[in-house]
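Architecture at a glance
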Amino acid sequence: LFIDHPLAEGQAAPLDGAQAHYLSGVMRLKPGDEITVFNGRDGAWSARLLDAGKRGGSLELLAQVAPQRDPPDLWLIFAPIKKARTDFIVEKAAEMGSARILPVQTDFTNSERIRQDRLQAHAVEAAEQCGGTFVPEVADLVPLARLLDGWDAGRRILWADEARAGPAETLAGLPRGPWAILIGPEGGFSEAERQRLGRTPFVTPVSLGPRILRADTAAVAALALWQAQLGD
Ligand code: SAM
């Protein structure tokens, strides 16, 4: 369970109503039962349920059971698509070990708005699901041009570019260090965006294979490719 509270031995940690309901109503835990919690910073901890009611509850923190493990320094930039598919991308990016998730507005972006809080909650759920100790931050939606204008060139961008049609490229030979993967929306990038990406020195285009993948598939494929070659 993710709790946004410092973790230290013997300390009590509050549960909100939803967490208390999940533990007592869904997991059927009783006071005295033990669970594992994490806060994204202090590793995984065993904790004892003290009480869980309608309005909330509390835990007693017992001991650290696993050290903090952060993902490699990989970010995912993507253009939000339909709600369910956007949720899928955030969930998979959290599972596959992205440190930050950055939704961007592009010329052909299908969705003009995102619910950042909802997407952040998906990232938390995904981290809980896969037993991680880290929750990626989901940023607010920003226009792609603005993101590129303010980009720190020390972090390279791996641009999944379907126009490079050909076998999926291995990333052998690419420098280690901070990277971000960039995935376009269902309609792809506009010609103006493609030109800009093409002349930006910190952007490296890459093929994910000869077939045109849906944006959500492309995100997972690119994350897997990167993790296989440059991840840990
Ligand atoms: N522009 C295309 C079109 O409408 O024909 C389709 C875009 S594709 C559905 C969505 C995004 O997934 C692309 O912008 C790209 O980032 C990524 N993508 C899909 N297939 C890919 C491939 N084979 N290689 C690299 N990137 C790919």
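Residues numbered from 1 in each chain as written. Predicted model: local features only at pLDDT ≥ 70, side-chain atom pairs only at ≥ 80, totals over all residues.

Describing the sheet that holds strand S2 (residues 34–38)
Through backbone hydrogen bonds, the strands of a sheet pair up, either in parallel or in antiparallel fashion. Spatially, four strands are ordered S1-S4-S3-S2 in an open sheet, and the strand pairing comes out antiparallel. The open sheet has two edge strands with one neighbour each: strand S1 (12–15) and S2. Between one strand and the next, the sheet's axes are offset by a mean angle of 45°, whatever the strand orientation. The pairing of strand S3 (residues 44–52) with strand S4 (residues 57–66) spans eight bridges and is antiparallel. When the sheet's bridge partners are listed, tryptophan 45 is paired in S4 with glutamine 64. Sitting on the sheet, helix H1 (residues 17–26) touches S1, S2, S3 and S4, and the angle it makes with S3 is about 90°. (Pairing = 2+ DSSP bridges. Helix = DSSP H or I, 4+ residues; strand = E, 2+ residues; numbered from the N terminus. Axes fitted to C-alpha atoms, helices over the stretch in contact; angles between N-to-C directions. Contact = placed C-beta atoms within 7 Å.)

Considerations on the domain arrangement of the protein
Domain annotation of the protein identifies domain 1 (12–66) and domain 2 (74–230). In this structure, domain 1 and domain 2 have C-alpha centres spaced 33 Å apart. (Domains from an automatic or database assignment.)

Side note on helix H6 (residues 215–230)
Over its 16 residues, H6 runs 22 Å from end to end, which matches the ideal 22 Å to within 8%, given 1.5 Å per residue. Buried residues of H6: Ala215, Asp216, Ala218, Ala219, Ala222, Leu223, Leu225 and Trp226, and no others. Looking at the buried positions of H6, the neighbouring elements they touch are strand S5 (74–78), helix H2 (83–95), strand S9 (156–160) and strand S10 (179–183). (Expected span 1.5 Å × (residues − 1). Buried ≥ 20, exposed ≤ 12 C-beta atoms within 10 Å, placed from the backbone.)

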